[in-house]
Amino acid sequence: MAVLALAALVVLATPVLAEFWANWLWFGETGYQSVFLRALTAQGTLGTGVFAVALAFLVLNVRPALRVATPRGFVLMTQQGPINVAVDSRSLRLLGHALCLLAAGALAALAAGRWESWLFFRHGVPFGTRDPILGRDVGFYVFTLPFLELVQRLALALLAATLVLCVAAYAVSGTLTLDRLRGLVAGRGARRHLLFLAAGVLAALGLGAWLQVPGLLTHSSGIVHGASYVDVHARMPILRVQVVAAAAGVVLAVYGAARGVFRPLGLAAALYAVVALGGEGYAALLQRFVVTPNEQTRETPYIVHNIEATRAAFGIAEVAERELSGDDRLTAADIDRNAATLKNVPLWDHQPLLDTFGQLQEIRTYYDFVSVDNDRYTIEGEYRQIMLSARELNSASLPNRSWINERLTFTHGYGLTLGPVNQVAPEGLPVLFIKNIPPESGVGLAVTEPSIYFGELSSDHVFVRTRAKEFHYPKGDDNISATYEGEGGVPLGGFLGKLLFSVRFGSLKTLLSDDLTPESRVLFHRRISARARLIAPFLTYDPDPYLAIEEGRLVWVLDAYTTSDRYPYSTPVAGGINYIRSAVKVTVDAYHGTTRFYVVDPADPVAATLGRIFPELLRPLGEMPAGLRARLRYPRAIFELQAGVFATYHMQNPAVFYNKEDQWEVPAIEAGGRAERMEPYYTIMKLPGETQPEFISMLPFTPRQKDNLAAWMVARSDGTNYGRLSVFQFPKQKVVFGPKQVVARINQDQVISPQITLWNQQGSEVIQGTLLVIPVEQSLLYIRPLYLRGTGGRIPELKRVIVAYQNQIVMEETLDAAIARLFRQGAPPPAPTRPTAPAPAAGPAAGPAAAPPAGEGLDALAARARTHYQNAIQAQRDGDWARYGEELRRLGEVLDQMARSR
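If you're wondering where the values come from, they're calculated on a predicted model, not measured in any experiment.

Description of the overall build of the protein chain
For step 1, the next point in the chain: Counting its secondary structure elements, the protein chain contains 25 helices and 36 strands.
For step 2, the next point in the chain: Looking at the protein chain residue by residue over its 902 residues, the buried ones come to 51%.
For step 3, the next point in the chain: In the protein chain, 66% of the contacts between residues at least 6 apart in sequence involve partners at least 24 apart.

In structure tokens form, the structure reads like this:
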């Protein structure tokens, strides 16, 4: 039996030990073994300490109760009848000690799982800001209070478990019984023992009540998050009284233990319960009769606390706010001054571009483009926004998914595709600066090491430097092979190494393969998000890593946030977070796997605390290569979160905030038949008041339940302006068209709407791109690209660009043509908009308009206008919407010509 138990233990423990040892080697290879060791040490120390204390306390208390246990008999009722079960004293003691071990183990596991709170408690850095009620530093709530609450819960659980086990032991031994006439009957020793334990439980409850006082500042019970009027004037005093009641209960319980009677304990429990229940009743009465009738007045100070704390916790207290007139009329000169903004309008949406990349540049079925990233580079002396995507290897798409192919041969992706956000080839496809395999660069951006061993898709382990040929890239009908020369991976070594990783990956082929040699290396944890999370699980990671080119190498950049849910008076968002900073940038070399963590916000107390706990983990930003620092961008995820909070917390007047008089919201516009909330988008823009264009992320606001534009917010990313937020507001008394209104006007336009309807009906699908809000000087342009995709096809082509300005809406084949039509009246008229759906011509009127005769008089122009009007009416009756739109466009041109001839 013992042999079988030992064999079972070995079978269960071997995979766990193999995974632990493999991770130990992996942390050594990445250079973060000290971080791994520190975490293990913290878990082990905390878990072992709690286990030792809990086990000793349990055994010392349960053993006296078990010592007096006598053999007992029990009757179990079964379907076959009663069965007598005899339990001897030795079995009872073994059972009691086993229960002590289980209880101590459970408490140790709970403590070990909270090892981070212990380290934060020991190394916490002050925030330098005090809460407005108790005057404690915010660091107390973020770092100290969670650990004290853990200690209190562990103590209460330990005392409660001990009390339950002792009661059970005394009951089994017969020392403690329940008599119908006399109630609870126990021996003198048992009474004293149980009463002392009850005193400990009351002391733990008193500690819990004391900790609830500051805890009220991190919870919500009123109209705002944090302590309300009732909390400050009722619950806090009552909690302090509860502490006194608990202390009095401890005295009464100890007195009862000294006298050997239970009655004082009942009095102590009743006193505590009366104070707790009475306090909640008093708080409810105060809320109903004092606060509710005068809620705004009573809660005003606490609303102010909530506003100030929320703005500080989400980093929006320093948002630069600026007023815009919103009524300046743009001229061609304004357009010229903002040429850099208009040259970098992102006409390509992520999904259409990703589909296009997938069709044109995947090259082989086993390659995949996972996402498209925005960035900016100086290309041929010009600051330009680009979109790029890595060509990663998808092992799930291999034609032959053998172990050799997946683990030895097809080990990495290759290269990337990169192009400008605003250029379109004549056939409606994106212009590519970097394309094909091997990478061909038409600009100064060179990729000298295109191999991608670590990426967004690389989740499986692979072996490199093996006897098998490693596929590098395809070339015609042949394949080019290569050998990994990078620094990543764990050396496989001899037989023991193969055995270790065979167990770790659950693959006997690893052990038996002749292709693996002692010089072979195994690359695992290759997905960059999982890689960073394994090294530093205490950070929160952005879901959108992006690729950068640094001196010819491909490097991934992953944003990491420091967060908390304990900032006093700050309102939490989804997930419970009420404090966040974009404090850390993680870089992962796509070839070597080298992973580095850099602090971009050294003023963040959470990041400073992590620096104290793990001094080898975080590096100063100055150590990041300069070229890579220029690639840093402010994350969209945190900007979207901050914008959502700012939509409410830009109101700093408590009366306005209480009534939500000026609340904003991010507009939702129609896309694909349903309303979708707008998301932040990156663009290069010259902000009002600035002299140079810069890379920013932007999001508009509309008043709550209104459609007109209220403001727009930007997050800056370049140089010393990184992370700075600005809001540009329009006058409240002036109506500026918002995104939803512009979309409605586009859908109602007598030229554009019939065109879109026609395209969708003639074997094509129209994809309406992101509606872009482009500020120019004191005014706005709305730009929306239109993509056309044939039915059953997967390659969207950019065919039209819609531009809306004030009351004008135009649609042209290019953005330049649409801008010229709006602002350059002296320029030759742009080519007319024409249907591009694969449909038969709509008659003679569907073709391009003939040039009007020079010097045509008003009478002749009026006659032509009448003709176009009648043709439009006839086309409407015939249901020929393409011809109808074309005739209306020609009518508009004639009317414009008549106006200029006056």
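We are not done yet, so read on.
Description of helix α7 (residues 229-259)
For step 1, the next point in the chain: The end-to-end C-alpha separation of α7 is 44 Å, in line with the 45 Å expected for 31 residues at 1.5 Å each.
For step 2, the next point in the chain: At Arg235, α7 shows its maximal kink, close to 35 degrees; a proline, Pro237, follows between one and four residues later.
For step 3, the next point in the chain: Looking one or two places after α7, you find Gly260, whose phi comes out positive at around 75 degrees.

Things to note about the packing of aromatic side chains
For step 1, the next point in the chain: This model, assessed by the stated rule, comprises 34 aromatic pairs.
For step 2, the next point in the chain: Plain terms: the ring middles of Phe127 and Tyr579 are 5.6 Å apart, the flat faces sit at 70 degrees to each other, and that makes the pair edge-to-face. Here Tyr579 lies in strand β22 (residues 579-589) and Phe127 lies in the loop between α4 (115-123) and α5 (138-173), a separation of 452 residues in the sequence.
For step 3, the next point in the chain: The buried category is assigned to Tyr579, whose relative accessible area is 2%.
For step 4, the next point in the chain: Between Phe140 and Tyr141, the aromatic rings sit 5.4 Å apart at their centres with planes inclined by 85 degrees, giving edge-to-face as the arrangement.
For step 5, the next point in the chain: Pairwise contacts between aromatic rings join Phe20, Trp24, Trp26, Phe27 and Phe36 into one cluster.
For step 6, the next point in the chain: When the ring centre of Tyr377 is taken as reference, the NZ or CZ atom of Arg631 above it lies at 3.9 Å.
For step 7, the next point in the chain: Cation over ring: Lys660 sits above Phe657, and NZ or CZ is 4.2 Å from the ring centre.

Digging into the environment of Ser764
For step 1, the next point in the chain: Turning to its location among the elements, Ser764 is positioned in strand β32 (residues 764-768).
For step 2, the next point in the chain: Considering only alpha carbons, one finds Ser764 and Leu788, 24 residues apart in sequence, at a separation of 6.6 Å.

Quick look at the pairing of strand β28 (residues 681-685)
For step 1, the next point in the chain: Of all five residues in β28, five are buried; the element is thus mostly enclosed.
For step 2, the next point in the chain: For β28 and strand β29 (residues 694-703), the ladder comprises five bridges, and the chain directions are antiparallel. Residue pairing in the sheet places Ile684 in a bridge with Phe695 of β29.

Considerations on the sheet that holds strand β18 (residues 521-523)
For step 1, the next point in the chain: Across the sheet, three strands lie side by side as β14-β18-β17; this open sheet has antiparallel pairing. Where the open sheet ends on each side, the last strands, each with one partner, are β14 (462-464) and β17 (490-491).
For step 2, the next point in the chain: As defined by bridge partners, β14 adjoins β18 across three bridges and the pair is classed as antiparallel. Bridge pairing in β18 links Phe463 to Val522.

Focus on the packing of α7 against helix α8 (residues 263-291)
For step 1, the next point in the chain: Their axes nearest at 8 Å, the elements α7 and α8 cross at an angle of 175 degrees. By the criterion of interaxial angle, the relationship of α7 to α8 is roughly antiparallel.
For step 2, the next point in the chain: Tallied by class, residues from the contact of α7 with α8 come to 24 nonpolar, six polar and two charged.

Quick notes on the rules
Residues numbered from 1 in each chain as written. Predicted model: local features only at pLDDT ≥ 70, side-chain atom pairs only at ≥ 80, totals over all residues. Heavy atoms only, no water. Helix = DSSP H or I, 4+ residues; strand = E, 2+ residues; numbered from the N terminus. Buried < 20%, exposed > 50% of the residue type's maximum accessible area, 1.4 Å probe, protein only. Contact = heavy atoms within 4.5 Å. Expected span 1.5 Å × (residues − 1). Bend = angle between axes of the 7 residues up to and from the residue. Phe/Tyr/Trp six-rings, centres within 6.5 Å; stacked < 30°, edge-to-face > 60°. Lys NZ or Arg CZ within 6 Å of the ring centre and 35° of its normal. Pairing = 2+ DSSP bridges. Axes fitted to C-alpha atoms, helices over the stretch in contact; angles between N-to-C directions. Parallel < 35°, antiparallel > 145°, perpendicular 65-115°, else oblique. Nonpolar A, V, L, I, M, F, W, Y, C, P; charged D, E, K, R; others polar.

Nothing here speaks to function; it is geometry throughout.
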